[in-house]
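# A closer look at the structure
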Amino acid sequence: MRKYLLFISIFALSAFVTQPGARSQFFSATEAFAGGSDDHGGEIVAKYDGFNHETVVTLKKMKVTCAKPYENLRQTCVSILATLHCPGVQLDYVRQVTLQVVFETKDWDQRHALDQRDLSMVADGETFRLGQMQLAALHTDVLMTETLQGELPYKTFKKMALAEIVEIQVGKSRFELRSQNLAALRDLNNRIKFSRRT
């Protein structure tokens, strides 16, 4: 019986997710779950998480910048990931948004200590203090790769996605999102049904 219900849930998700940028409630699953876009170069994927009983829509890791030695981040490459968490099998309502910031550097001193993980964002001049990020992953090889993760309300994410200029600060590390990053975030936001985005 549980397998049958899971099959029905997955089938329903395939039929009723929204097409990016469209008002229709019906579209093909391949279009909804499609990856990259020629406009921004990001990759967006969606899936149903049966363990947490939610539909997750994710903008996969996307590069923001690789700073030069004299800049704020000292030869650090920065990428972002964003995930929308929608309870159940639907894309009408986003419970919360997970934002991950990935720092890759050869300088191991660039790690963010516990007191250097406060997340702030400025979107078109409006400042948001979003609390302390958590360490999601740390890999050390030739490069030190540090992934910090924070949760933000959907309203705040929507302001970020629709803004013309967005600057993010984690501790002392500060960077501005590129136009391609903002286009990818708008595309991610457009996966939510139109009635919930207005």
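Here we summarise the structure given alongside this text. Everything numeric here is computed off the predicted structure, so don't read it as measured data.

### Comments concerning the state of the cysteines
Using the criterion set out here, one finds 1 disulfide in the structure. The disulfide partner of C66 is C77, and the S-S distance across this bridge is 1.9 Å. Because the sign of the S-S torsion sets the handedness, a value of about 110 degrees for the bond joining C66 and C77 places this disulfide among the right-handed ones. Remark: C77 occurs in strand β3 (residues 76-87) and C66 occurs in strand β2 (residues 54-66); sequence separation between them is 11 residues. A residue is classified by how much of its surface remains accessible, and C66, at 36% relative accessible area, is partly exposed.

### Considerations on the environment of A137
Topologically, A137 is positioned in strand β7 (residues 134-140). Considering only alpha carbons, one finds A137 and L148, 11 residues apart in sequence, at a separation of 7.2 Å.

### Quick look at the environment of A184
Take A184: it is sitting in helix α4 (residues 179-189). Distance from A184 to D39, taken between C-alpha atoms, is 8.3 Å for residues 145 residues apart in sequence. Leave out the neighbours within four places in its chain, and A184 touches H40, I44, L59 and M62.

### What to know about the sheet that holds β7
Reading across the sheet, the 6 strands line up as β1-β2-β3-β4-β8-β7 and stay open at both edges, with antiparallel pairing between neighbours. Unpaired on one side and paired on the other, β1 (44-49) and β7 mark the two borders of the sheet. Between one strand axis and the next, the sheet turns by 20 degrees as a mean value, whatever way the strands run. Packing against the sheet, helix α3 (residues 154-162) makes contact with β3, β4 (96-105) and β8 (144-152), and its axis sits at approximately 115 degrees to β8. Sitting on the sheet, α4 is in contact with β1, β2 and β3, with an inclination near 175 degrees to β2.

### Re the side chain of T98
As for its placement among the helices and strands, T98 is situated in strand β4. With a relative accessible area of 9%, T98 lands in the buried category.

### Let's talk about the pattern of salt bridges
Summed over all chains, the structure comprises 7 salt bridges. A salt bridge links E43 to K60; the shortest N-O distance between them is 4.0 Å. Linking E43 in the loop between α2 (29-32) and β1 with K60 in strand β2, this pair joins segments that are 17 residues apart in sequence. Residue classification places K60 among the partly exposed residues on the basis of a relative accessible area of 37%.

### What to know about the nonpolar core
Core analysis: the largest hydrophobic core is formed by 40 residues, its most contacted members being F157, V166, L177 and L185. It is β3 that provides the largest number of residues to this core, a total of 5 residues. With near-sequence residues (within four places) excluded, F157 lies in contact with A82, L84, V97, L152, L185, L188 and N189.

### Here's the deal with unusual backbone geometry
Even without being glycine, H53 reaches a positive phi, approximately 55 degrees. Mapped onto the elements, H53 comes out in the loop between β1 and β2. For D124, which is not glycine, the phi dihedral falls at a positive 50 degrees.

About the criteria used
Residues numbered from 1 in each chain as written. Predicted model: local features only at pLDDT ≥ 70, side-chain atom pairs only at ≥ 80, totals over all residues. Heavy atoms only, no water. Disulfide = S-S within 2.5 Å. Helix = DSSP H or I, 4+ residues; strand = E, 2+ residues; numbered from the N terminus. Buried < 20%, exposed > 50% of the residue type's maximum accessible area, 1.4 Å probe, protein only. Contact = heavy atoms within 4.5 Å. Pairing = 2+ DSSP bridges. Axes fitted to C-alpha atoms, helices over the stretch in contact; angles between N-to-C directions. Salt bridge = Lys/Arg side-chain N within 4 Å of Asp/Glu carboxyl O. Core = buried A, V, L, I, M, F, W, Y, C linked by side-chain atoms within 4.5 Å.

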